[in-house]
Amino acid sequence: MTELTDVPERETLAYARAGDLAAVRAFVAARATAEGLPPERVSMLTLAISELATNTLQHTAGGGRVRVWVDGKQLVVDVVDGGPGALPLGRGMPAPDALRGRGLAIVERLCDVVEVSTGAEGTRVRVRVNLVTE
């Protein structure tokens, strides 16, 4: 897993409580907009990252970090927390009356690529969205 030090500090935001979620959304939206992601994709990406950050606060201790940067023609966003392990991808959407379990399914539908890994810094969910649509 790429360590957090590989991304410039200005591209990283820490969060630790529910009151920080608005700052996470604003940070991601501002970085995505600055890199030229179209407005409708900015909204979808912001929702996806908000879901991941919310999962961090609900299921782990110590908060997390969000980092955003460009890799070629993709905007990359990592959500890193102290969670114990990788989450399974490829889940179906829960039933309409289910109270939980939609977060990761929503993320997978809104982003072009979703990867989960675990390493020394904790669990990382990396999402990629294409800056240029063909």
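In this text the structure is predicted, and so the values were computed from the model without any measurement.

> Can you help me understand the packing of helix 1 (residues 21–34) against helix 2 (residues 39–59) in this one?
In helix packing, the relevant descriptors are the interaxial angle and the interaxial distance, both defined with respect to the helix axes. Contact geometry for helix 1 and helix 2: axes closest at 9 Å, N-to-C directions at 145°. By crossing handedness, the relation of helix 1 to helix 2 is classed as right-handed. Contacts from Leu 21, Val 24, Arg 25, Val 28, Ala 29, Ala 32 and Thr 33 in helix 1 reach Val 42, Leu 45, Thr 46, Ile 49, Ser 50, Ala 53, Thr 54 and Leu 57 in helix 2. Among the residues forming the contact of helix 1 with helix 2, the class breakdown is 10 nonpolar, 4 polar and 1 charged.

> Before we go on, may I ask you to explain the nonpolar core in this structure?
Generally speaking, a soluble globular protein has its nonpolar side chains buried in company with each other. Formed by 29 residues in total, the largest nonpolar core has its most connected members in Leu 45, Ile 49, Val 66 and Val 127. Elements that contribute at least two residues to this core include exactly helix 1, helix 2, strand 2 (64–71), strand 3 (74–81), helix 3 (103–110), strand 4 (113–119) and strand 5 (122–130). Apart from the residues within four sequence positions on either side, Val 66 is in contact with Glu 11, Thr 12, Leu 13, Tyr 15, Val 24, Phe 27, Val 28, Ile 49, Val 77, Asp 78 and Val 79.

Thresholds applied
- Residues numbered from 1 in each chain as written.
- Predicted model: local features only at pLDDT ≥ 70, side-chain atom pairs only at ≥ 80, totals over all residues.
- Heavy atoms only, no water.
- Axes fitted to C-alpha atoms, helices over the stretch in contact; angles between N-to-C directions.
- Helix = DSSP H or I, 4+ residues; strand = E, 2+ residues; numbered from the N terminus.
- Left-handed = near helix turned anticlockwise from the far one by under 90°.
- Contact = heavy atoms within 4.5 Å.
- Nonpolar A, V, L, I, M, F, W, Y, C, P; charged D, E, K, R; others polar.
- Core = buried A, V, L, I, M, F, W, Y, C linked by side-chain atoms within 4.5 Å.
- Buried < 20%, exposed > 50% of the residue type's maximum accessible area, 1.4 Å probe, protein only.

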